[in-house]
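Given next are the chains, with one letter for each unit.
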Amino acid sequence: MHYIINILSFFAAFAFMEFAAWFAHKYLMHGFLWFVHKDHHDESHKVVQRNDSFALFFAIPSWLCIMFGIIYGSSISVYFGAGIAAFGLTYFIVHEIFIHQRMKYFKNTDNWYLRAIRRAHKVHHKRLTKEDGECYGMLLVPFKYFKEEREKIASQQS
Ligand SMILES: [Zn+2]
Ligand SMILES: [Zn+2]
């Protein structure tokens with residue numbers, strides 16, 4: 001029974017992080033932390049961005065959950081920390097590699113889900129400024145993008 005709670009804790013952390021990342025992106029990064037996020041929106045495409053420091057910030061709760069989980073013998077806490085870390089890894093692969101091609105892998109795909117989240121994020125990047133943005137989420141984006149990419153792929157196949 002216990003392993004089910006651990007797995008639920010893992011996925012709860014993963015889902016919570018999508019919300020946390022959306023919230024931080026919309027209200028903090030495009031708010032008073034814009035000076036950290038700004039270089040991710042400008043056109044210079046630096047190899048190392050100041051914006052990358054958010055990854056270190058989000059690693060802290062993961063580390064604390066795992067460390068205190070081990071110290072106090074709470075596997076739920078360890079799995080919650082692992083879920084946060086898994087989201088971080090997913091975010092890195094999806095956002096830095098697949099979408100922004102900071103390493104040249106996974107460039108083309110026929111998967112409607114991946115194409116939709118990539119397009120939504122490109123829409124987010126159309127704005128170079130702090131204000132009036134859209135599509136702040138990463139793995140969950142407005143449903144019209146999913147619908148449109150599914151229709152595009154379906155029409156290519158027919
Ligand atoms: Zn942004
Ligand atoms: Zn981006």
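Further up the page is the structure itself.
What this report covers is the structure whose coordinates are included nearby. Quantities reported herein were computed from a predicted structural model and do not represent experimental measurements. (Residues numbered from 1 in each chain as written. Chains lettered and ligands numbered in written order. Predicted model: local features only at pLDDT ≥ 70, side-chain atom pairs only at ≥ 80, totals over all residues. Heavy atoms only, no water.)

## Quick word on the overall build of the protein chain
Alright, step 1. Of the regular secondary structure elements, the protein chain holds six helices and zero strands.
Alright, step 2. Moving toward the C terminus, one meets the helices and strands of the protein chain in the order α-α-α-α-α-α.
Alright, step 3. Seen through its C-alpha atoms, the protein chain measures out along the principal axes to roughly 50 × 45 × 30 Å.
Alright, step 4. Taken over 158 residues, the protein chain has a buried fraction of 36%.
Alright, step 5. Put simply, of all contacts in the protein chain between residues at least 6 apart along the chain, 55% involve residues at least 24 apart.
Alright, step 6. Carbon and sulfur atoms provide 69% of the accessible area of the protein chain, an area that totals close to 10000 Å².
Alright, step 7. Side-chain charges of the protein chain comprise 18 positive and 13 negative groups, with the mean position of each set lying 2 Å from the other. (Helix = DSSP H or I, 4+ residues; strand = E, 2+ residues; numbered from the N terminus. Buried < 20%, exposed > 50% of the residue type's maximum accessible area, 1.4 Å probe, protein only. Contact = heavy atoms within 4.5 Å. Areas by Shrake-Rupley, 256 points an atom, 1.4 Å probe, with all protein chains shown as cover. Lys, Arg positive; Asp, Glu negative; His and termini not counted. Charge placed at Lys NZ, Arg CZ, Asp CG, Glu CD.)

## Points about the coordination of the zinc ion (ligand 2)
Geometry sets the ideal angles at a metal, namely 109.5 degrees for four tetrahedral donors and 90 or 180 degrees for six octahedral donors.
Alright, step 1. Within the protein, the atoms that donate to the zinc ion (ligand 2) are His40 (NE2), His95 (NE2), His100 (NE2), His121 (NE2) and His125 (NE2), at distances of 2.0 to 2.2 Å.
Alright, step 2. In the primary sequence, the donor residues of the zinc ion (ligand 2) line up as H-x54-H-x4-H-x20-H-x3-H. Of this pair, histidine 95 sits in helix α4 (residues 75-99) while histidine 125 sits in helix α5 (residues 112-126), placing them 30 residues apart in sequence.
Alright, step 3. Exposure remark for histidine 95: the relative accessible area of 2% places this residue in the buried category. (Donors = N, O, S within 2.8 Å, 3.2 Å for Na, K, Ca; no water.)

## Topic: the packing of helix α1 (residues 2-29) against helix α2 (residues 34-41)
Each pair of packed helices can be summarised by the angle the axes make with each other and by the distance between the axes.
Alright, step 1. It is at 9 Å that the axes of α1 and α2 come closest, and there the two elements cross at 105°. Taken together, the axes of α1 and α2 are roughly perpendicular relative to one another. The segment α1 lies against α2, with His25, Leu28 and Met29 engaging Trp34, His37 and His41.
Alright, step 2. Looking at the contact of α1 with α2, its residues break down into three nonpolar, three polar and no charged. (Axes fitted to C-alpha atoms, helices over the stretch in contact; angles between N-to-C directions. Parallel < 35°, antiparallel > 145°, perpendicular 65-115°, else oblique. Nonpolar A, V, L, I, M, F, W, Y, C, P; charged D, E, K, R; others polar.)

## Points about unusual backbone geometry
Alright, step 1. Positive phi, normally seen in glycine, also occurs at glutamine 101, with a value near 55°.
Alright, step 2. When its relative accessible area of 10% is taken as the criterion, glutamine 101 is described as buried.
Alright, step 3. Even without being glycine, cysteine 135 reaches a positive phi, approximately 55°.
Alright, step 4. By the secondary structure assignment, cysteine 135 is in the loop between α5 and α6 (143-157).

## So, the pattern of salt bridges
Between side chains of opposite charge, a pair can form when the charged atoms approach closely.
Alright, step 1. One pass over the full model with this rule turns up nine salt bridges.
Alright, step 2. Put simply, aspartate 39 and lysine 46 hold a salt bridge, and the shortest N to O gap is 3.5 Å.
Alright, step 3. Using a relative accessible area of 7% as the deciding quantity, one classes aspartate 39 as buried.
Alright, step 4. Taking the shortest distance from any N to any O, the salt bridge between arginine 115 and glutamate 149 comes out at 3.3 Å. Of the two residues, arginine 115 is situated in helix α5 and glutamate 149 in helix α6; the sequence distance between them amounts to 34 residues.
Alright, step 5. Take arginine 115: its relative accessible area is 15%, and that puts it in the buried class.
Alright, step 6. Accessibility expressed as a relative area gives 3% for glutamate 149, which makes it buried. (Salt bridge = Lys/Arg side-chain N within 4 Å of Asp/Glu carboxyl O.)

## Details of a nonpolar patch on the surface
Alright, step 1. A cluster of nonpolar side chains, namely Phe16, Phe19, Trp22, Phe23, Tyr27, Leu28 and Phe32, defines an oily patch on the protein surface of about 720 Å² accessible area.
Alright, step 2. In this structure, leucine 28 sits in helix α1.
Alright, step 3. Judged by relative accessible area, which is 31%, leucine 28 ranks as partly exposed. (Patch = residues over 30% accessible without salt bridge, like charges linked within 9 Å, V, L, I, M, F, W, Y side chains within 5 Å.)

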